[in-house]
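Close look at the chain arrangement
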Amino acid sequence: MRNITVIGTGYVGLVTGTCFADLGNRVVCLDIDEAKINLLNSGGLPIYEPGLEEVVRRNVKAKRLSFTTSYVEGLKNSEFVFIAVGTPEGVDGEADLRYVRMAARSLAEVMEHPLIIVNKSTVPVGTGDWVADIVNKYKKVDVEFAVVSNPEFLREGSAISDFLSPDRVVLGSLSQEAAEKVAQLYLSLRTPIVITDLRTAEMIKYASNAFLANRISFINEIANICEALGADVKEVAVGMGYDKRIGHHFLDAGVGYGGSCFPKDVKALTHMAAIHGRHPQLLRSIMEINRHQRRLVIQKLRTLLGSLQDKTIGLLGLAFKPNTDDIRESPAVEIAHLLMNEGAFVKGYDPVAMGVATRVTPEIELAEDPYDLAKGSDAVVVITDWNEFKHLDMVRLKTLMKQPVMVDGRNIYEPQAMKAAGFTYRGMGRGYNR
Ligand SMILES: NC(=O)c1ccc[n+]([C@@H]2O[C@H](COP(=O)([O-])OP(=O)(O)OC[C@H]3O[C@@H](n4cnc5c(N)ncnc54)[C@H](O)[C@@H]3O)[C@@H](O)[C@H]2O)c1
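Below is a summary of the structure that appears in this document.

Procedures and definitions
- Residues numbered from 1 in each chain as written.
- Predicted model: local features only at pLDDT ≥ 70, side-chain atom pairs only at ≥ 80, totals over all residues.
- Heavy atoms only, no water.
- Pairing = 2+ DSSP bridges.
- Helix = DSSP H or I, 4+ residues; strand = E, 2+ residues; numbered from the N terminus.
- Axes fitted to C-alpha atoms, helices over the stretch in contact; angles between N-to-C directions.
- Contact = heavy atoms within 4.5 Å.
- 1 Å grid on protein atoms, 1.4 Å probe; cavity = no way out; pocket = protein on both sides within 12 Å on 5 of 7 lines; lining within 4 Å.
- Points joined across faces, edges and corners; volume = space filled by probe spheres on them.
- Nonpolar A, V, L, I, M, F, W, Y, C, P; charged D, E, K, R; others polar.
- Buried < 20%, exposed > 50% of the residue type's maximum accessible area, 1.4 Å probe, protein only.
- Arc of directions from axis to C-beta.
- Polar contact = N/O pair within 3.5 Å; in protein donor to acceptor, adjacent residues only side chain to side chain.
- Left-handed = near helix turned anticlockwise from the far one by under 90°.
- Salt bridge = Lys/Arg side-chain N within 4 Å of Asp/Glu carboxyl O.

1. Looking at the sheet that holds strand β8 (residues 193-196)
Strand order across the open sheet formed by eight strands is β3-β2-β1-β4-β5-β6-β7-β8, with mixed pairing between neighbours. In the strand order of this sheet, the two ends are held by β3 (65-68) and β8, each with one partner. Strand-to-strand twist across the sheet, computed as the mean angle between neighbouring axes with direction ignored, equals 25°. When strand β6 (residues 145-149) meets strand β7 (residues 169-173), the two strands line up antiparallel, connected through two bridges. By the bridge assignment, V148 is partnered in β7 with S173. Across the sheet, helix α1 (residues 11-22) is in contact with β1 (3-7), β2 (26-30), β3 and β4 (80-83); its angle to β2 comes to roughly 165°.

2. So, empty space enclosed by the protein
In this structure the tally under the stated criterion is one cavity of 30 Å³ or more. Size it by volume and the largest cavity reaches roughly 40 Å³. Taken together, N119, S121, T122, V123, S149, P151, E202, K205 and Y206 form the lining of the largest cavity. With three residues, the top contributor of residues to the lining of the largest cavity is helix α9 (residues 198-229). Considering only residue class, the lining of the largest cavity consists of three nonpolar, four polar and two charged.

3. Remarks on helix α10 (residues 233-241)
Helical periodicity: at 3.6 residues per turn, an α-helix aligns residues three or four positions apart in one direction. For α10, the full list of buried residues reads V233, A237, M240 and G241. End-on view of α10: buried residues confined to an arc of 95°, all on one side of the axis. Exposed side of α10, more than 90 degrees from the buried face: E235 and G239 are the residues found there. Of the surrounding elements, those touching the buried residues of α10 are α9. Its side-chain oxygen placed 3.0 Å from the backbone nitrogen of K234, D232 serves as the N-cap of α10.

4. A short note on the packing of helix α5 (residues 98-110) against helix α6 (residues 127-138)
Viewed as axis vectors pointing N to C, α5 and α6 meet at an angle of 35°, and their least axial separation amounts to 8 Å. You can see that α5 and α6 cross each other, and the crossing is right-handed. Seen from α5, the contacting residues are V100, R101, A104, R105, A108 and E109; seen from α6, they are T127, W130, V131, I134, V135 and Y138. When its residues are assigned to classes, the contact of α5 with α6 shows eight nonpolar, one polar and three charged.

5. Overview of the pattern of salt bridges
Tallied over the entire structure, the rule returns 24 salt bridges. Between E89 and K267 there is a salt bridge whose closest N-O contact spans 2.9 Å. On the criterion of sequence distance, the pair formed by E89 in the loop between β4 and α5 and K267 in helix α11 (residues 262-275) is long-range, its members being 178 residues apart. Owing to a relative accessible area of 32%, E89 belongs among the partly exposed residues under this scheme. On the basis of relative accessible area, K267 is assigned to the partly exposed category, the value being 28%. K234 is the partner of E414 in a salt bridge, and the nearest nitrogen-oxygen pair spans 3.8 Å. One end of the pair, E414, is in the loop between β13 (405-408) and α17 (415-420); the other, K234, is in helix α10, and 180 residues separate them in sequence. Note on E414: relative accessible area 41%, which makes it partly exposed. Each of the salt bridges in this network shares a partner with another, and the network as a whole consists of D232, K234, E414 and R430.

In structure tokens, the structure reads:
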């Protein structure tokens, strides 16, 4: 059993802390957001993540997991401090590191015994070096510490199993001893552990996310060519994916990637490259194609409906992907704004992201369920491929709509079946059925 502190109790921090507690460690999750900590201390959960509530409850009950806003209390017995604060997009596409700086300074000021500081936030290459500088500058007691980079690869929606069964754990440090101590925390997961230097570990995270975003933009580019030439991208992806060198993952054409990671991470990597005099053309194309996919939805609607002014468009799904309530950088948000700019009324429905949507995008009128969304709509656009959308009663949906127009931004329906149900249907890159 180890004593671990996790700074930042968001999607990554809460899952990390909870899972480390479940592995038998004593964990304190620390956040400056009092409302979040109060909610956790009263048994609530600030985010939706399948299975998380039960694991949190079990570990709180076993007294292995606790929550605080106090750095003094949080670091009292700590041997490992994980930094898992947000690193959102800055004004120029760079990662905004103010929360990492604040966390490093706050922990340095209360540090009274040797610590291993583990950076789990996604941070630009070189950040680990200056985190050490900040800690040296602000520490009040002369104690030893080491900085280890341990980027996180979990996916919202399957975060617990991703954390507990990762494809690999990446650790980077200038101290082999510190990296090996952090490796011990993961040993029971029986997963490959890559130990390297700080900068290389930081780059592995960015390169991985950029590669996955690249696959999505690649298949979207192929989808657009399919559409022009009459081929079906869904079947193209299946045919490609059987090639072991390619694989099936991340080859779903649609309205593009969103969320709190890919958009900002591809941008931040591009920024890093550019300010060091490199020309990241591929990264720029990934972002351009992704942006284009969202605009394509508007073009499709315009082709089908004519002017969008006064039209009512229903967005089926608001979260950036299924099984999460996260709508950060969700295609739904940008598509809604593009539609509103053309004078359309936008309604939305999502199985779990409605609460978040009310706060973040109050301009989208929320519907009670997919049928309520369809009521009076001139078109429905599928934004998120939630399972519950895959088997809707299409006859009922159609009779409720003003016009039976469906733009399937995730290709979850079959064009022939939709046509047979009486819809004017457009998928993304579906060849003859475009
Ligand atoms: N969300 C994901 O799926 C995911 C996956 C892998 C990596 N990451 C990376 O992990 C990091 C965290 O992402 P997230 O989605 O969990 O963010 P989040 O916004 O959900 O949570 C961040 C938390 O940090 C807290 N915080 C900010 N400054 C603080 C400080 N000085 N002291 C204590 N707490 C502070 C905030 O109040 C917030 O609760 C980011 O760098 C992100 O890129 C995220």
